[in-house]
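Here is what each chain is made of, one letter per residue.
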Amino acid sequence: MQDLAQRGASIDLDGVHLSYGDTAVLRDIDLRIKGGEFMTLLGPSGSGKSTLLNLMGGFARANAGEVRVNGAQIDHLPPNRRDMGMVYQNYALFPHMTIADNIAYPLKRRKMSKSDRAALVRAALAMVDLHGFADRRPSQLSGGQQQRVAVARAIVFRPQILLMDEPLGALDKRLRDEMQSELRQLHEEVGSTVVFVTHDQEEAMVMSDRIAVMNGGRVEQVGTPHELYSRPRTTFVATFLGEST
Ligand code: ADP
Ligand code: MG
């Protein structure tokens with residue numbers, strides 16, 4: 001098994017531009033994410049957060065510019081071969097599979113003995129506090145528990161990079177608060193680089209090492225929560241951080 005405390009990969013974007021037809025969705029994006037960092041993409045709906053995340057995952061392609069992971073351009077490997085886990089807002093669990101099979105799914109493509117696979121699934125279940133749920137189906141779990149399964153599935157092979165697109169958006173406030181601290185803790189344990197998407201500035205402030213504030217397809221400012229709060233560089237950043245949802 002891999003060392004638990006491995007360091008995550010760096011992600012670098014240089015001059016990235018992406019359009020759908022005539023509509024520019026990402027404009028001129030330069031962003032450096034350090035290995036092991038918890039980086040949040042924060043911005044209103046339609047600002048390009050999901051598109052940027054999909055680009056980092058290799059699920060979309062830029063019209064111009066470069067995306068590099070640990071210094072290497074990412075598009076030479078198909079998405080399913082990259083060392084990345086992805087969590088979506090709607091969990092996207094397979095309803096007909098047990099929890100254990102859902103979590104084991106990303107391991108199927110990797111050559112691995114049955115017992116190694118079972119050990120990784122058990123470890124992932126333990127990390128998200130779901131011992132004893134292995135044989136249930138998704139429909140028998142609450143929303144918060146299903147989201148934990150989605151996280152367990154994304155971290156089961158201890159990816160160098162964990163991409164999360166509004167993973168807590170569908171949860172109520174209490175569960176969201178609880179999952180926020182669990183995800184932070186998990187980040188410390190697994191050591192992956194995390195790119196976390198949210199439109200909720202309070203969530204971004206409590207969870208992130210750094211935040212990239214997005215607006216209209218651009219990154220307006222990148223900084224620690226403290227830097228953004230005390231020295232917003234644009235009116236948009238100041239206003240957006242000042243709003244509460
Ligand atoms: P966010 O995640 O911040 O809400 P998105 O990245 O989903 O923003 O979308 C950014 C913009 O790109 C939106 O205006 C959206 O309508 C547009 N867009 C996203 N995907 C497509 C697509 N496949 N075709 C055309 N426009 C798209
Ligand atoms: Mg989105």
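Conventions and cut-offs
- Residues numbered from 1 in each chain as written.
- Chains lettered and ligands numbered in written order.
- Predicted model: local features only at pLDDT ≥ 70, side-chain atom pairs only at ≥ 80, totals over all residues.
- Pairing = 2+ DSSP bridges.
- Helix = DSSP H or I, 4+ residues; strand = E, 2+ residues; numbered from the N terminus.
- Axes fitted to C-alpha atoms, helices over the stretch in contact; angles between N-to-C directions.
- pLDDT = per-residue confidence, 0-100.
- Contact = placed C-beta atoms within 7 Å.
- Near = placed C-beta within 6 Å.
- Nonpolar A, V, L, I, M, F, W, Y, C, P; charged D, E, K, R; others polar.

**Description of the sheet that holds strand β9 (residues 210–215)**
The mixed open sheet is built from 6 strands, whose spatial order is β6-β7-β8-β3-β9-β10. The two strands at the open ends of the sheet, each matched to only one other strand, are β6 (84–87) and β10 (218–223). Shown here is a sheet whose adjacent strand axes are inclined to one another by a mean of 15 degrees, direction ignored. The sheet contact formed by β9 and β10 spans 5 bridges and is antiparallel.

**A short note on the confidence of the model for the protein chain**
On average, residues of the protein chain carry a pLDDT of 90, and 94% of them reach 70 or more. Scored below 50 in pLDDT, residues 1–5 shows 2 contacts in the model against residues more than four places distant or in partner chains. Both scores are available for the predicted complex, with the pTM at 0.92 and the ipTM at 0.97.

**Regarding the site of ligand 1**
Taken together, Tyr-20, Val-25, Gly-43, Ser-45, Gly-46, Ser-47, Gly-48, Lys-49, Ser-50 and Thr-51 make up the full set of residues adjacent to ligand 1. Take the shell around ligand 1: its biggest share by element is 3 residues, from helix α1 (residues 49–56). Considered class by class, the residues forming the shell around ligand 1 number 2 nonpolar, 7 polar and 1 charged.

**Some words on unusual backbone geometry**
Positioned with a positive phi, Asn-70 is a non-glycine residue whose angle comes to about 50 degrees. Mapped onto the elements, Asn-70 comes out in the loop between β4 (64–69) and β5 (72–73). In this model, Arg-158 sits at a positive phi of 50 degrees, which is unusual for a non-glycine residue.

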